[in-house]
Amino acid sequence: MSRDALLVLSDGTTFEGEAVGHVPESGAATGEVVFNTALSGYQEILTDPSYAGQMITFTYPHIGNYGVNPDDVESRRPFCAGVLLRDLARRPSNWRATESLDEFLRRHQVPGIAGIDTRRLTRHLREAGALPGAFGTDESVVRAAASAAATTDGRDLVAGVTTEQPYSAGDPDAMFHVVAYDFGIKATILRHLARVGCFVEVVPSSTPAADVLARGPDGVFLSNGPGDPAAVAGAADTVAGLLGEVPVFGICLGHQILGLAAGGRTYKLPFGHHGANHPVKDTTTGKVEITSQNHGFAVDPASVTSLGWEATHLNLNDGTCEGLRHREWPVFSVQYHPEASPGPHDANYLFRRFTELMTRKGG
């Protein structure tokens, strides 16, 4: 049976819909409401740990039509706070599907609301910025929860998604030995690193730089992750201890933490970049890539360019910094997701660029 539900944003804006997925014990799901413009790949999006603390609005109207399968998950479980949909497919149709999206949400206790006007919601978020909100079936409970809902500003959300114990991926006899900081790493990233000849040791986000260097890696990878980079306890200082010692490649939150480690500053974007079609220009070559992105904060390039760093990539939608590199050290980063899961594969050459840096450093 359908259950009427209500979404309320912190500014009082309301949207009517139907409860789907898990029903939270508190009576209301809360989080920062953002929107993702990808047309497919909802399972990879839902299992991206970078969405911790956020509720995902899918702008594409039909979600769940090809179901869910165990091969397309990006982490051990979804970390998002909720899902906002226009139309949830009740009967998926795909030979790979093992369950429906609604069953998947229930199994992982992810609350959802369907039937809302996601077009109106997206337009509102583009004007007002990402807003905290709440949804549920009891209006009084939802309105109270919406007024108390938190944004991602100033919150260390990495602590809730990082691995508790180190683990490894790839062939131990591979050409390169890489240590990857898990700020919210995705499974496809590890597959890409393994594909270009890396054996990867994944370590918790709190691992000291000295412990990483003691493992004797050829390179260090800084992963994606959720929330405010400036709030991730000790991360910038840890990364600063790696600079100049070993080749470093960072993406997304790893890029932002690298910017902080370089002595720069980060700031929050109005509604972030969440989608699979963001044009980015490589200012060193003039080439334009269509990229997959998921982040709410950015690095101020002016805060690092006088410190031996230079901006290498530019977002053609809003002019924000999409990449950094050091003029002397073998260190670079990009704001977007070169593993592109989901999204276009224009940028997967960056994993090869990382191995080239490690090769030159080793030589």
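Note that the structure is predicted; figures quoted are calculated from it, not measured.

A. Main features of the nonpolar core. Of all hydrophobic cores here, the largest spans 27 residues; its most connected members are Tyr181, Phe183, Val220, Leu222, Leu242 and Trp309. Every element with two or more residues in this core is listed here: β11 (176-182), α6 (209-214), β13 (219-222), α7 (235-240), α8 (253-261) and β18 (321-326). Here this core takes 4 residues from α8, the largest share from any one element. Among all residues touching Val220, those that are not within four sequence positions of it are Val179, Tyr181, Val212, Leu242, Val246, Pro247, Val248, Phe249 and Phe354. Counting residues in each nonpolar core, the second largest holds 26 residues, with Ile185, Val334, Ala347 and Phe354 among its members.

B. Structural context of the pairing of strand β19 (residues 331-334). Burial of the side chains of β19 extends over both faces: Val331 and Ser333 are buried on one face and Phe332 and Val334 on the other. In this sheet, β19 lies alongside β18 in antiparallel orientation, the contact comprising 3 bridges. Pairing of Leu324 across the sheet is with Ser333, part of β19.

C. Just the sheet that holds strand β16 (residues 288-299), in detail. The strand order across the open sheet built from 10 strands is β10-β12-β11-β13-β14-β19-β18-β17-β15-β16, with neighbouring strands paired in mixed fashion. One side of each edge strand has no neighbouring strand; the edge strands of this open sheet are β10 (167-169) and β16. Taken pair by pair, the neighbouring strands of this sheet meet at an average axis angle of 25°, ignoring direction. As defined by bridge partners, β13 adjoins strand β14 (residues 248-251) across 3 bridges and the pair is classed as parallel. Along β14, the bridge assignment pairs Val220 with Val248. Running at roughly 60° to β16, α8 makes contact with β13, β14, β15 (266-282), β16, β17 (309-315), β18 and β19 of the sheet.

What counts as what
- Residues numbered from 1 in each chain as written.
- Predicted model: local features only at pLDDT ≥ 70, side-chain atom pairs only at ≥ 80, totals over all residues.
- Heavy atoms only, no water.
- Core = buried A, V, L, I, M, F, W, Y, C linked by side-chain atoms within 4.5 Å.
- Buried < 20%, exposed > 50% of the residue type's maximum accessible area, 1.4 Å probe, protein only.
- Helix = DSSP H or I, 4+ residues; strand = E, 2+ residues; numbered from the N terminus.
- Contact = heavy atoms within 4.5 Å.
- Pairing = 2+ DSSP bridges.
- Axes fitted to C-alpha atoms, helices over the stretch in contact; angles between N-to-C directions.

Bear in mind that shape data such as this cannot, by itself, settle questions of function.
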